[in-house]
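In case you want the letters, here they are:
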Amino acid sequence: MLLGLGVVYDFPKYSIFQRGLIQVLNIKVEKAKELKQKPDFNNLGFGTDFTDHMFMMNYTEGQGWHDPRIVPYGPITLDPSAMVLHYAQEMFEGMKAYKTEDGRALLFRPEKNIQRTNVTNDRLCIPKINEEDMLQAIKALVSVEKDWIPTASGTSLYIRPFIFATDPFLGVRASATYLFMIILSPVGAYYKGGINPVKIWVETEYVRAVKGGVGYAKTGGNYAASIKAQMKAKERGYAQVLWLDGVERKYVEEVGTMNVFFKIDGEVITPALEGSILPGITRNSVIELLHSWGISVTERKLSIDEIYEAAEKGTLEEAYGTGTAAVISPIGQLNYNGKIITINDGKIGELSQRIYDTVTGIQTGAAEDSFNWTVEVE
Ligand SMILES: *Cc1c(COP(=O)(O)O)cnc(C)c1O
């Protein structure tokens, strides 16, 4: 890549023509003067190391999104009255880039993250972002930082796009200015020594989201609201929380920050998306994959009582969470009001393992991508 040291210049490779008008997105690239010492790629955590560069683009009412640029990674200045710090008008996304055996960089269904960005933006009154522009921004940054994609099994380059309100103002309304950024972080394998099913605390006091709220949007406020229950579960020796609906505390919604699936008597069930659940891309991929295998998936309300009754009858076969970080996280045990049930003897289920192997195979280019889910970054 022909990037001059410390020089600012146009990057014509990422010029694009959009909306039928001749409108060109020229991403300026300012290369870091000094590159960082890379962390030990065989010993990576999650979200602790960041690459040499980041993407930034501003929004100003009347002018739209402007000044797309790749700059050295580093702190930003923000007015203390910036609206995001007070009223949390912000959004984020989470996706990954994977290195194939032959050294190519692959994204997994990036168009889905981009479409979801605009769904979140709409709910948070953040201006929409042109889908093509966002894809080009992600590709441009990953392309610059290709050397940061780790190659060991299970590792990847985590991509975090986010947008936040920057108006210096303490009144409550939608901001007129925003910053869109993308940062990258090399992350280690979610499972270090094989997939271990986790113990889950069924939360009956706190709730994550309610219909009519922002549960279906990927926004920080949902996470801030979830920490208390997460801490409660941790203190009791549980890895995560199983969230119940906010009205009746009866129907399962999500597990931690993942979507959740149960296999009962041969039927795969996942809660229907009715406004309080985040529409996961992994969730969608698992549903499509199961359909392609001739396994039907039911999206419906599923009560915690139905799950416990199935466990009693011996028909609760498998349970797992789905999300970008882990792909599949099997549930080995549930504790609901002190009643403990163990699922599949605390071992990963056959179907869970098959889904995990197939999805990770497609993501890393090891398995055939018959769905056309991967997008290569040049
Ligand atoms: C991001 C997220 C998920 C998983 O979505 P993926 O697109 O599969 O990574 C599930 N639940 C919540 C609350 C999330 O924020």
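Residues numbered from 1 in each chain as written. Predicted model: local features only at pLDDT ≥ 70, side-chain atom pairs only at ≥ 80, totals over all residues. Heavy atoms only, no water.

Q: Give me the pattern of salt bridges: which residues, what numbers.
A: According to the stated counting rule, one finds 14 salt bridges in the structure shown. A salt bridge links E93 to R116, with the nearest nitrogen and oxygen atoms 2.8 Å apart. With E93 in the loop between β5 (90-92) and β6 (95-99) and R116 in helix α2 (residues 110-124), this pair connects stretches of sequence that are 23 residues apart. Each of the two residues, E93 as well as R116, counts as buried. Of the charged contacts in the structure, one is a salt bridge between R104 and D102, with a shortest N-O distance of 3.3 Å. Here the salt bridges share partners, and the residues they tie into one network are D102, R104 and E376. (Salt bridge = Lys/Arg side-chain N within 4 Å of Asp/Glu carboxyl O. Helix = DSSP H or I, 4+ residues; strand = E, 2+ residues; numbered from the N terminus. Buried < 20%, exposed > 50% of the residue type's maximum accessible area, 1.4 Å probe, protein only.)

Q: Lay out empty space enclosed by the protein with the relevant residues and their values.
A: To find the voids left in a structure, one rolls a probe of water-molecule size over its atoms. As enumerated under the stated definition, the model contains two cavities of 30 Å³ or more in all. Its boundaries defined by the atoms lining it, the largest cavity holds a volume of some 90 Å³. Together, 13 residues line the largest cavity, and Y98, F108, T282, T324 and Q363 are the ones closest to its centre. Going through the elements one at a time, β6, α5 (281-292) and α7 (350-363) are the ones with two or more residues in the lining of the largest cavity. Class assignment for the residues of the lining of the largest cavity results in six nonpolar, six polar and one charged. Summarising the domain contributions, the lining of the largest cavity has at least three residues from each of domain 1 (2-188) and domain 2 (198-363). Lining the second largest cavity are E318, A319, P330, I331, I343, N344, K347, I348, G349 and S352. Residue assignment for the lining of the second largest cavity shows that the elements contributing at least two residues are β16 (316-323) and β17 (327-336). Across the lining of the second largest cavity, the residue classes break down as five nonpolar, three polar and two charged. (1 Å grid on protein atoms, 1.4 Å probe; cavity = no way out; pocket = protein on both sides within 12 Å on 5 of 7 lines; lining within 4 Å. Points joined across faces, edges and corners; volume = space filled by probe spheres on them. Nonpolar A, V, L, I, M, F, W, Y, C, P; charged D, E, K, R; others polar. Domains from an automatic or database assignment.)

Q: Give a detailed account of the domain arrangement of the protein, specifying residues and quantitative values.
A: Segmentation of the protein into domains returns domain 1 (2-188) and domain 2 (198-363). Counting from both sides, the interface comprises 19 residues of domain 1 and, opposite them, 21 residues of domain 2. In total, about 1800 Å² of surface goes out of reach between domain 1 and domain 2, with carbon and sulfur atoms giving 59% of it. The largest per-residue losses of area from domain 1 upon contact with domain 2 belong to F108, R116 and R123, which jointly make up 35% of the total buried on that side. Linking domain 1 to domain 2 there are one salt bridge. (Contact = heavy atoms within 4.5 Å. Buried area = accessible area lost by both parts, 1.4 Å probe.)

Q: Report on α5, specifying residues and quantitative values.
A: The terminal C-alpha atoms of α5, which comprises twelve residues, lie 16 Å apart, in line with the 16 Å expected from a rise of 1.5 Å per residue. Among the residues making up α5, those that are buried are I281, T282, R283, S285, V286, I287, L289 and L290. One or two steps after α5, the chain reaches G294, where phi turns positive at roughly 75 degrees. (Expected span 1.5 Å × (residues − 1).)

Q: Account for the layout of surface pockets, naming residues and giving values.
A: Empty space within the largest pocket amounts to approximately 1100 Å³. With seven residues, helix α4 (residues 220-235) is the single largest residue contributor to the lining of the largest pocket. Mapping the lining of the largest pocket onto the domain boundaries places at least three of its residues in each of domain 1 (2-188) and domain 2 (198-363). In this structure, the second largest pocket spans a volume of roughly 490 Å³. Considering the residues around the second largest pocket, the lining is formed by 27 residues, among which S153, G154, T155, T360 and T364 are closest to the centre. Broken down by secondary-structure element, the contributors of at least two residues to the lining of the second largest pocket are β6 and α7. Per element, the largest residue contribution to the lining of the second largest pocket is four residues, and it comes from α7.

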